[in-house]
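# Report on the structure
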Amino acid sequence: MQDESGKAALESPAAVSGSSAQNSVHLNGHTVTLNGHNSTATPSPQPQSDSIVISPVPALIIPREQWGGKYEFLLSCLGYSVGLGNVWRFPYLCYRNGGGVFLIPYFIMLFFTGVPLFLMELSLGQYGAAGPITVWKCCPLLKGIGIGMLCVSTLVCLYYNIIIAWTFYFLGNSFQSPLPWSCDAVANVGLCGNNSTGNSSAGEGLSPTEKFWNEQVLGVVHSEGLHDPGPVRWPLALCLLAAWVIVFLCIFKGIRSSGKVVYVTATFPYFVLIVLMIRGATLEGSLQGIAFYLTPNWSRLANAQVWNDAASQVFYSLGIGVGGLLSMASYNKFDNNVIRDTLIITAGNCGTSFFAGFAIFSILGHMAWKKGVPVEEVADSGPGLAFVAYPEALALLPGSPFWSIMFFLMLFMLGIDTLFGNMEGITSAVMDEFPHLRTNALHKSLFLGALCLCFYLMGLLLVTDGGIYWFTLIDSSSTSFGLIIITLFMCIGISFFYGINQFCQDIVDMICPCPPWCLKVLLYFKACWVFVTPFLLLFILTYIFIEMYNTSLHYGSYVYPRWGKALGVCMAATCCLQILIWAIVAIAKETGTLRERFQKSIRPLNSWRVNNLNSNNRVEEQMEPGRVETPFTVTLTDMDFTAMNWENATQASQHKGQ
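The model shown is predicted, which means the values in this text are computed figures rather than measured ones. (Residues numbered from 1 in each chain as written. Predicted model: local features only at pLDDT ≥ 70, side-chain atom pairs only at ≥ 80, totals over all residues. Heavy atoms only, no water.)

## A few points about the overall build of the protein
For the protein, the count of helices and strands is 26 helices and five strands. Looking at the protein as a whole, 59% of its 658 residues qualify as buried. Partitioning the intrachain contacts of the protein with sequence separation of at least 6 by distance along the chain shows that 81% fall at a separation of at least 24. Carbon and sulfur atoms provide 65% of the accessible area of the protein, an area that totals close to 25,800 Å². (Helix = DSSP H or I, 4+ residues; strand = E, 2+ residues; numbered from the N terminus. Buried < 20%, exposed > 50% of the residue type's maximum accessible area, 1.4 Å probe, protein only. Contact = heavy atoms within 4.5 Å. Areas by Shrake-Rupley, 256 points an atom, 1.4 Å probe, with all protein chains shown as cover.)

## Let's talk about the packing of helix α6 (residues 103-128) against helix α22 (residues 481-510)
Any two packed helices are characterised by how steeply their axes cross, that is the angle between the axes, and by the distance between the axes. Contact geometry of α6 with α22 gives a least axis separation of 10 Å together with a crossing angle of 65°. Relative to α22, α6 is oriented so that their crossing is left-handed. Contact residues: α6 offers Leu117, Met120, Glu121, Ser123, Leu124, Gln126 and Tyr127, while α22 offers Thr487, Met490, Cys491, Ile494, Ser495, Phe503, Asp506, Ile507 and Met510. A class-by-class count of the residues in the contact of α6 with α22 yields 10 nonpolar, four polar and two charged. (Axes fitted to C-alpha atoms, helices over the stretch in contact; angles between N-to-C directions. Left-handed = near helix turned anticlockwise from the far one by under 90°. Nonpolar A, V, L, I, M, F, W, Y, C, P; charged D, E, K, R; others polar.)

## What about the packing of aromatic side chains?
Within this structure, the stated rule accounts for 49 aromatic pairs. Ring centres of Trp67 and Phe73 lie 6.2 Å apart, and the angle between their planes is 55°; this geometry places the pair in the tilted category. Residue class for Phe73 comes out buried when judged on its relative accessible area of 1%. Seen from their ring centres, Tyr106 and Phe107 are 5.7 Å apart, and the 70° between their planes marks the pair as edge-to-face. A relative accessible area of 0% places Tyr106 in the buried class. (Phe/Tyr/Trp six-rings, centres within 6.5 Å; stacked < 30°, edge-to-face > 60°.)

## A word on unusual backbone geometry
Trans is the prevailing form of peptide bonds, just as negative phi is the prevailing case for residues other than glycine. For the peptide bond that leads from Ser177 to Pro178, omega is 5°, which places it in the cis range. The residue Pro178 is located in the loop between α7 (143-173) and α8 (189-192) in this model. You will see that Ala129, though not glycine, has its phi angle at about 50°, which is positive. With respect to the helices, strands and loops of the structure, Ala129 is situated in the loop between α6 and α7. On the basis of relative accessible area, Ala129 is assigned to the buried category, the value being 6%.

## Observations regarding the pattern of salt bridges
Across all of its chains, the model carries eight salt bridges by this definition. A salt bridge links Glu65 to Lys444, with the nearest nitrogen and oxygen atoms 4.0 Å apart. Of this pair, Glu65 sits in the loop between β3 (38-43) and α3 (70-81) while Lys444 sits in helix α20 (residues 441-459), placing them 379 residues apart in sequence. The partner of Glu72 in a salt bridge is Lys260, with the nearest N and O atoms 2.8 Å apart. (Salt bridge = Lys/Arg side-chain N within 4 Å of Asp/Glu carboxyl O.)

## Remarks on the confidence of the model for the protein
A residue-level look at the protein finds 81% of positions with pLDDT of 70 or above and a mean pLDDT of 81. Confidence drops under pLDDT 50 across residues 1-59; counting only partners more than four residues distant or on other chains, this segment forms 135 contacts. Low confidence marks residues 613-637, where pLDDT is under 50. Its contacts with residues over four positions away, or in another chain, come to 93 contacts. (pLDDT = per-residue confidence, 0-100.)

## Quick word on the environment of Val272
Its location among the elements puts Val272 in helix α12 (residues 268-281). A sequence separation of 135 residues divides Val272 from Phe407, and the C-alpha atoms of the two residues are 7.0 Å apart. Not counting residues within four places of it along the chain, the set of residues in contact with Val272 comprises Met406, Phe407 and Met410.

## Overview of the nonpolar core
Trp136, Trp166, Leu364, Phe387, Met423 and Trp529 are the most contacted members of the largest nonpolar core, which totals 189 residues. The element contributing the most residues to this core is α7, with 18 residues. Those residues within four positions of Leu364 in sequence are excluded, and the remaining contacts are Val378, Ala379, Leu385, Ala389, Tyr390 and Ala393. (Core = buried A, V, L, I, M, F, W, Y, C linked by side-chain atoms within 4.5 Å.)

## A few points about the environment of Cys491
Along the chain, Cys491 falls in helix α22. Separated by 39 residues in the primary sequence, Cys491 and Val530 have C-alpha atoms spaced 7.9 Å apart. The residues contacting Cys491, other than those within four sequence positions of it, are Leu117, Met120, Trp529, Thr533 and Pro534.

## So, a nonpolar patch on the surface
Taken together, the side chains of Leu577, Leu580, Ile581, Ile584 and Val585 make up a nonpolar region of the molecular surface, amounting to roughly 430 Å² of accessible area. Assignment of secondary structure puts Ile581 in helix α24 (residues 562-589). For Ile581, a relative accessible area of 43% gives the class partly exposed. (Patch = residues over 30% accessible without salt bridge, like charges linked within 9 Å, V, L, I, M, F, W, Y side chains within 5 Å.)

## So, α3
The terminal C-alpha atoms of α3 lie 17 Å apart, and with 12 residues this matches the ideal 16 Å at 1.5 Å per residue to within 8%. The element α3 is largely enclosed, with a buried count of 10 among its 12 residues. For α3, every residue scored as buried is listed here: Glu72, Phe73, Leu74, Leu75, Ser76, Cys77, Leu78, Gly79, Tyr80 and Ser81. (Expected span 1.5 Å × (residues − 1).)

## Regarding the side chain of Glu72
Relative to the helices and strands, Glu72 resides in helix α3. On the basis of relative accessibility, which here comes to 3%, the residue Glu72 falls in the buried class. Here Lys260 takes part through its side chain, which lies 2.8 Å from a polar atom of the side chain of Glu72. With near-sequence residues (within four places) excluded, Glu72 lies in contact with Trp67, Ile255, Gly259, Lys260, Val262 and Tyr263. (Polar contact = N/O pair within 3.5 Å; in protein donor to acceptor, adjacent residues only side chain to side chain.)

In structure tokens, the structure reads:
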């Protein structure tokens, strides 16, 4: 536990410098004398009495960008959290799992897993002022958590921009009247017959929207499955290229550019949802859809599937465990009230999910009324809702091209915000490991360009005829057990290795002076991190493994072969195995018995907290990079000796000059 040893890091430099107890360790030819926070370093042959005090070397600390204002951070996190899952997944899960009853397990999972883990990520990123990998200087044993987050974020970015490419394709086709997937289009006369509102056809039983989606957009009818991807669909490939170009232009200046973009991308979806809800409320049959959305079925509470769906929706919508939240929080000022931001963002995310259900099901209810079928026959989730059911419902409205343009613009805004967060998680992790990329604009641009190009080239597999099969596989694997294991170890590592008391003290120090209500709320979060959240995560993990063993993965009528399912398991396992691999590496780097190595590997590195004081009024408290920060740490990094070597060389030249 880091509770006792870490408290020294909270003392003022003046108080620490007065401490007289000293501990010396010999590493890499240096004698490092520990004196609370302060240390003196000399080459080992010299006596301790000749130790020299190291002066600050500000050039070694690369300044980190900060948000232009608190609203940029709030909107970025809100846009990152409020994504496609709030619109195309939550309403469907709500009606499938007992209507309004689903809100009970949803809120329980939100309060006991979602919000505590959300606060943990934001606090860790803001206090450490580092990305998903570098921030684990606080506990080197768990560096693999950051690597695992990077793997998950890579998988998410790979398939998430495909959704934006589909959105571009539909958006481009929405500038037509009639819409190409409506019954009014000439090409669909054979499908709809004389019934302009019907969903039946004499052929394959596909609606015009299903035909447009499967044949013209995906081309899935030309593929036999996962083993038969077929050729690249070049219209989609161009849409994907446009999507990655937009992403590059929005992030190449870092948060200075993406922080301004979110003023539009994070707020526009709310405008569209309000407009769609108002329009839907005026339609015949809308109340039938709303009733279907919220009618409670109390017997569903006894079903474990309902609780698992609630937990998965919380993770899916909040973006926990991917690294995006941690990275965005690392650009905050040190004294930002992270508890207040957590409550605002999670409440906004939850409210958006619930509100979106009214906008979705009011219009689906109208479509069911017009077709004369139950609402459950037109309700769907995921791509089936966004690109089949809802476009078909919009095609029935007067002025359908306008409503279609608005809807797909909303999907684009929702998707691009989430992608910003995921990309920020990747870029900040890499640039923290290679700091020169932050100071060299050309190298940074080349890196971001190469990254986007690699994602584009890998994404071409997902825009082939059989690309939807690979999309479904990566989608289900990236948010599977690997993500739960990563968040479980993050919660356990911070609570029991770094120390829950120390972590809570870090939060209090950041928002000092801490309002009384924050202290009370922090007690609740402390109980969740230690007891409730790990227990619920274990429950979710157990259920996932049971379900994964008993159920098969499928897309429509296509059932994935065993090798395909095994490939998905390997993707998820690769993410969480990083924790074990890098833990072994951290222990192997230490010396002593296995127990001593373990104890050393859970203590913060000497460079932990060096760059966490971002606010201008705390600059005077910043420590010199050559000073050892944690009293009993013996694992030194190159950064800790750089200033020492520079100082020794400077003084040697001065002696020669004399």
